[in-house]
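# Tertiary structure, described
Each chain, letter by letter, is given below.
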Amino acid sequence: MATFVGFLILLLITLEVAADLESPQVFYDWTVSYSRRAPLGVEKQVIVINDEFPGPLLNASTNDIVHVNIHNNLMEPFLMTWNGIHVRRNSWQDGAQETNCPIMPGQSWTYTFQLKDQIGSFFYFPSLLLQKGGGGYGAITVNNRDVLLLPFNQPYQDLNMLLADWYNAHHWDLRRLLDEGHSLRNPDGILINGLGPYDANFVFEPGQTYRLRISNVGLKTSINLRIEDHQLLLVETEGSYTIKQYYTSLDIHVGQSYSVLVTAKSHSQGGSFYMVASSRFTFPEITGVAVIRYTDSLGEHMGPLPQGPSLFDYSFSLDQARSIRWDLSVGAARENPQGSFHYGNIKISRMIYLENGVMTNQNKLRYTINGVSFVHPDTPLKLADYFQINHVFTPGIIPDMPDQTRMPTLGTSVIDALYRDFVHVVLYNPLSQLQSWHLDGYSFFVVGMEQGNWNPSKMATYNMVDAVSRSTVQVYPSSWTAILIKLDNQGMWNLRSQNAENWYLGQELYIRVKGVGQDDPLTIPTNDEAPIPDNVIKCGRALLHFLP
Ligand SMILES: *[C@@H]1O[C@H](CO)[C@@H](O)[C@H](O)[C@H]1NC(C)=O
């Protein structure tokens, strides 16, 4: 019997490997370099990919193996990260500071990862040194396999919409501000696809339906998107199809992605229409504008910009977030309905309560999670773990619960977790600024979100049926958000503030998801992590170690 089960497992592994080899491969060759652009009329050195700003679309389908060869022509080390992509079993390709050594100036490196069991709208961006403030970002589309239908009529066209706050200052100067312990002031503007107000144009064919794939790729500003006289039909967020609902405007927090369908009018009646992407919770409001023209019209627009929700109306935003539901009845990356994964029936095996905070270290601003502000060690955690290098990190340095009696400290926070654990995480934000949290390698269920303090009785109010599954979630001021995560992806995964300032100043940690029983073929879970890549870059103390 034991041999038979062992044989079955071997067979399954063999089949999986065989499937991998047959998977279509897509290749990208990207040169990352400086260029000059003036989206707000002030020229600035920006980061371009193959001379494009924003960078080119990464377009692939479920199960594809993606190869992205990156040439770093900057004067700084570089890493690209894939926001929302699960990079399954393979945090070696995640491109975060603690999973990879950087690609040094003048060097190239090829990322290789498979898009497993995932569809949807995502984006990539440079993860180091606040380079995102100079651009370097672009959209990622993961299409369903041909055999699967979309849960809506095939749109006439996809339109990628990258929304971002923008500073006229060089990202080096922004970085210096943070290094000196200051906060970033309000941005100078909001860009739509790298363009300033009234510079971005979209063309609608009367009567056709467009899929807008929208991401907030900025540094710190939540954005509200709306189109004059057109409704947004929400259909997808970060890889989950949602119950279809109309919105007149949509709040998109830093690092979040959405798909909405917009149906063009049957006649434009001689006009064009404004699309507005305006800041939320900043004073004053900052506004990005694009123009939608119709092919049946040469009309120049005359009307006022469409109004959004009032600037500091957090309830509007919270209610909207809570209205977004998973569509249980449709398939996504697989044929079976999304709702066939009954997350509400899974036993929670661990609870982690994370509270964000601020500390000052020698009068310099730092941000904390449970009282620990992340400092980068001399060797990336993933490599230190692999080569078993001592004194890089101590799992457990960050407590599972905030401890108000401890002074805030600097530390290299790693949470050790078991493969296939089902973890309940409460994110509590005691401060007056909105937080946006992201976990690499995963999607999680957003089961609760409320103003005020969390306590265990709140669990009775959780949505245990059709909460949306995503990878970036906001926490409103003096509020909490609860998420459930099935830890089914081994590796070293970055949990971070998507607010670039908070992240840069220490608001992150890593979750190290380890397999157990890897020597015993009868115990599933086994260790199914991808091996260290042949082309791995070494740095720090990993330079003293050699691959087997
Ligand atoms: C993206 O890939 C899909 C599937 O191969 C293809 O149908 C589509 O035309 C591509 N889109 C773009 C913009 O290249």
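Computed from a predicted structure; not experimentally measured.

## Looking at the site of the ligand
- Taken together, L57, N59 and N143 make up all the residues around the ligand.
- Here an oxygen atom of the ligand and a side-chain polar atom of N59 are 2.3 Å apart.
- Contact between the ligand and N143: an oxygen atom at 3.5 Å from a side-chain N or O atom of the residue.

## Observations regarding empty space enclosed by the protein
- Throughout the structure, instances matching the rule amount to 6 cavities of 30 Å³ or more.
- Within this model, the largest cavity holds a volume of roughly 60 Å³.
- As for the largest cavity, its lining consists of I352, L354, I415, V425, L439, F444, I483, I485, L495 and I511.
- Of all the secondary-structure elements, those providing two or more residues to the lining of the largest cavity are strand 20 (350-361) and strand 30 (479-486).
- Class assignment for the residues of the lining of the largest cavity results in 10 nonpolar, no polar and no charged.

## Focus: the side chain of R280
- Looking at where R280 falls in the secondary structure, it is placed in the loop between strand 18 (273-279) and strand 19 (287-294).
- Not counting chain neighbours up to four residues away, the residues in contact with R280 comprise T221, S222, I223, N224, D251, P309, S310, L311, D313, F316 and S317.

## Description of the side chain of E355
- On the secondary structure map, E355 appears in strand 20.
- For E355, which is buried and forms no salt bridge, the nearest opposite charge comes from R406, at a distance of 12 Å.
- Not counting residues up to four positions away in its chain, the partners in contact with E355 are T368, I369, N370, P402, Q404, Y428 and P430.

## Digging into the state of the cysteines
- Applying the stated criterion across every chain yields a total of 1 disulfide.
- Each sulfur in the disulfide pair C101 and C539 lies 2.1 Å from the other. One disulfide, between C101 and C539, carries an S-S torsion of -80 degrees and so falls in the left-handed class. Highlighted residues: C101 in the loop between strand 5 (80-83) and strand 6 (108-114) and C539 in the segment after strand 32 (508-514), separated in sequence by 438 residues.

## Observations regarding the pairing of strand 20
- Pairing between strand 20 and strand 25 (residues 422-429): 6 bridges, direction parallel. Across the sheet, the residue bridging to R350 is V423, located in strand 25.
- Pairing analysis gives 6 bridges linking strand 20 to strand 21 (residues 364-369), with the strands arranged antiparallel. Across the sheet, T360 pairs through a bridge with L365, a residue of strand 21.
- Taking the residues between adjacent antiparallel strands as the criterion, strand 20 and strand 21 are bridged by 2 residues, where Q362 takes a positive phi near 50 degrees.

## Quick notes on the environment of L184
- You can see L184 is positioned in the loop between helix 2 (171-179) and strand 10 (189-192).
- Here the alpha-carbon distance between L184 and Y156, two residues 28 residues apart in the chain, equals 40 Å.
- Here L184 is in contact with Y167, L174, L177, L178, L219, K220 and E501, once residues within four sequence places are set aside.

## Looking at the nonpolar core
- W30, L58, W82 and Y111 are the most contacted members of the largest nonpolar core, which has 61 residues in total.
- Per element, the largest residue contribution to this core is 5 residues, and it comes from strand 1 (residues 25-37).
- Apart from residues no more than four positions distant in its own chain, Y111 is found in contact with V66, H67, V68, I70, L79, M80, W82, Q93, G95 and I103.
- Among the nonpolar cores identified, the runner-up in size contains 46 residues, and L225, Y247, F422 and F445 belong to it.

## Re the domain arrangement of the chain
- The domain boundaries assigned to the chain delineate domain 1 (2-143), domain 2 (157-322) and domain 3 (346-531).
- Taken together, the contact pairs 26 residues of domain 1 with 36 residues of domain 3.
- Summing both partners gives a buried area of about 2500 Å² for domain 1 against domain 3, and 58% of it is carried by carbon and sulfur.
- Of all residues in domain 1, the largest losses of buried area upon contact with domain 3 belong to R89, W92 and E98, amounting jointly to 33% of the total for that side.
- For the pair domain 1 and domain 3, the number of links is 0 salt bridges.
- Run the count over domain 1 and domain 3 and you get 14 residue pairs in polar contact (both at pLDDT 80 or more).
- Breaking the side of domain 1 that touches domain 3 down by element, the ones donating at least two residues are helix 1 (2-22) and strand 5.
- Ranked by residue count, the leading element in the side of domain 1 that touches domain 3 is helix 1, at 3 residues.
- Broken down by class, the residue content of the side of domain 1 that touches domain 3 amounts to 11 nonpolar, 10 polar and 5 charged.

## Quick notes on the pattern of salt bridges
- Taken as a whole, this structure holds 20 salt bridges when the rule is applied.
- The salt bridge involving R175 is made with E76; its shortest N-O contact spans 2.6 Å. Separated by 99 residues along the polypeptide, R175 in helix 2 and E76 in the loop between strand 4 (65-72) and strand 5 bring together distant segments of the chain. Taken as a pair, R175 and E76 share a single burial class, namely buried.
- Here D117 and R334 are joined by a salt bridge, their closest N and O atoms 2.8 Å apart. Taken together, the positions of D117 in the loop between strand 6 and strand 7 (120-126) and R334 in the loop between helix 3 (314-322) and strand 20 put the pair 217 residues apart, joining distant regions of the chain.
- Through salt bridges with shared partners, a single ionic network connects D385, D416, R512 and K514.

What counts as what
Residues numbered from 1 in each chain as written. Predicted model: local features only at pLDDT ≥ 70, side-chain atom pairs only at ≥ 80, totals over all residues. Heavy atoms only, no water. Near = heavy atom within 4 Å. Polar contact = N/O pair within 3.5 Å; in protein donor to acceptor, adjacent residues only side chain to side chain. 1 Å grid on protein atoms, 1.4 Å probe; cavity = no way out; pocket = protein on both sides within 12 Å on 5 of 7 lines; lining within 4 Å. Points joined across faces, edges and corners; volume = space filled by probe spheres on them. Helix = DSSP H or I, 4+ residues; strand = E, 2+ residues; numbered from the N terminus. Nonpolar A, V, L, I, M, F, W, Y, C, P; charged D, E, K, R; others polar. Contact = heavy atoms within 4.5 Å. Buried < 20%, exposed > 50% of the residue type's maximum accessible area, 1.4 Å probe, protein only. Lys, Arg positive; Asp, Glu negative; His and termini not counted. Salt bridge = Lys/Arg side-chain N within 4 Å of Asp/Glu carboxyl O. Disulfide = S-S within 2.5 Å. Pairing = 2+ DSSP bridges. Core = buried A, V, L, I, M, F, W, Y, C linked by side-chain atoms within 4.5 Å. Domains from an automatic or database assignment. Buried area = accessible area lost by both parts, 1.4 Å probe.

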